[in-house]
Amino acid sequence: RVRNPDYTEQLFFMREELGLSMTINPELSAAREIFHLLQFPSFLHRDSFAKGRVEIVELLLTEDNPLCGRYLRDLPSLSGGAKTLVCGVERGGEVYIPTGAFQLRPGDAINVTGAPRDLVSFVRRLGFAERRVRSVILIGGSRIAYYLARALQEDGTAVKIIEQNPQRCLQLSSLLPQATIVQGDGTDQ
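Just so we're clear, the structure is a prediction, and the values are computed from it rather than from any experiment.

**Points about the packing of aromatic side chains**
The tally for this structure, following the rule as stated, stands at 2 aromatic pairs. The lysine or arginine in question, Arg91, covers the ring of Tyr96, its NZ or CZ lying 5.9 Å from the ring centre.

Here you go:
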C-alpha cells in the first residue's frame, strides 16, 4: 500500500525494483472511482475488468432514446462503429441475455461492455451522455480530494476546495495552482 502522492508516479518502478506483485494507493483508487462517476452520471453502474481495458456499464433507456424500438442487430450502425456488446437487459424484474433479434424498450436497463473509449463513443452517440460536469466543490482537502482535483482539472473541470487547516490550504494551493482553495468550514452555511 502506497499512500504518499509523491510516490504515485513511481509505482511501476517501485514494484519492479522491490519485487512486489501488486501496489495499491487506496486514496488514488477512490479518487478514480469518483472521477469515473462524475464523467458519466448517466451510468447506473460501472465496473472495470482486465486492468481497466474493458468496462461494463448499466444504462437506463428513456422513451426519447434512439435505441427504443430498435433491434440489437442494428446497434453497430446506430453507434457509429463503437465496438460494444449489449450482454444483458433487465426488463420488468427479469434479466435477458439478448440476441440480435431482441427489441429494446423504454425502461430497459441495458448492460453494455467494451473498451472505455468505445463506451464513451457509444454513450455520446446514442444520447446517454448528460451535460458535462463543469465545476466541482470539494469539502475537505484530503488525499482523495487532491487526486480527484488533479484528475478533474486535467479533464477541464473547474475545482474549488474548502479546507479548514491553514497549512493544508497552503500545500493544496501549491500542488493545485489552477484550483480555488478556500480556508473555511465546509459545513458552515
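This is not the end of the story, as more comes after the structure.
**Notes on the sheet that holds strand 7 (residues 158-163)**
Hydrogen bonds between backbone groups are what pair the strands of a sheet, and the pairing can be parallel or antiparallel. As summarised here, the arrangement of the 3 strands in space is 6-7-8, forming an open sheet in which the pairing is parallel. Looking at strand neighbours, the two that pair on one side only are strand 6 (135-139) and strand 8 (180-183), the edges of this open sheet. Strand-to-strand twist across the sheet, computed as the mean angle between neighbouring axes with direction ignored, equals 15°. Judged from the 4 bridges that link them, strand 7 and strand 8 form a sheet pairing that is parallel. For Ile161, the partnering residue across the bridge sits in strand 8 and is Ile181. The sheet strands contacting helix 6 (residues 166-175) are strand 7 and strand 8, and the helix crosses strand 8 at an angle near 175°.

**So, helix 4 (residues 116-125)**
Listed as buried for helix 4 are Asp118, Leu119, Phe122 and Val123. Seen along its axis, helix 4 keeps its buried residues to an arc of 130°; they face one direction. Seen from the buried face of helix 4, the exposed residues on the opposite side, beyond 90 degrees, are Arg117, Arg124 and Arg125. Following helix 4 by one or two positions, Gly127 has its phi on the positive side, about 80°.

**Side note on the pattern of salt bridges**
Taken as a whole and judged by the stated rule, the model has 1 salt bridge. Ionic pairing is found between Asp108 and Arg91, a salt bridge with its closest N-O pair at 2.7 Å. Of this pair, Asp108 sits in the loop between strand 4 (94-96) and strand 5 (109-114) while Arg91 sits in strand 3 (residues 84-91); the two residues are 17 residues apart in sequence, bridging distant segments of the chain. Of the two residues, Asp108 and Arg91, neither departs from the other in class, the shared state being buried.

**Side note on the nonpolar core**
Counting residues in each nonpolar core, the largest one holds 20 residues, and the members touching the most others are Leu59, Leu67, Leu104, Ile110, Val112, Phe122 and Phe128. Mapped by element, the contributors of at least two residues to this core are strand 2 (54-60), helix 3 (75-78), strand 3, strand 5 and helix 4. In contact with Phe122, other than residues within four places in its own chain, are Leu59, Leu67, Leu75, Ser79, Ala82, Thr84, Val112 and Phe128. With 16 residues, the next largest nonpolar core counts Ala31, Val136, Ala145 and Leu148 among its residues.

What counts as what
Residues numbered from 1 in each chain as written. Predicted model: local features only at pLDDT ≥ 70, side-chain atom pairs only at ≥ 80, totals over all residues. Heavy atoms only, no water. Phe/Tyr/Trp six-rings, centres within 6.5 Å; stacked < 30°, edge-to-face > 60°. Lys NZ or Arg CZ within 6 Å of the ring centre and 35° of its normal. Pairing = 2+ DSSP bridges. Helix = DSSP H or I, 4+ residues; strand = E, 2+ residues; numbered from the N terminus. Axes fitted to C-alpha atoms, helices over the stretch in contact; angles between N-to-C directions. Contact = heavy atoms within 4.5 Å. Buried < 20%, exposed > 50% of the residue type's maximum accessible area, 1.4 Å probe, protein only. Arc of directions from axis to C-beta. Salt bridge = Lys/Arg side-chain N within 4 Å of Asp/Glu carboxyl O. Core = buried A, V, L, I, M, F, W, Y, C linked by side-chain atoms within 4.5 Å.

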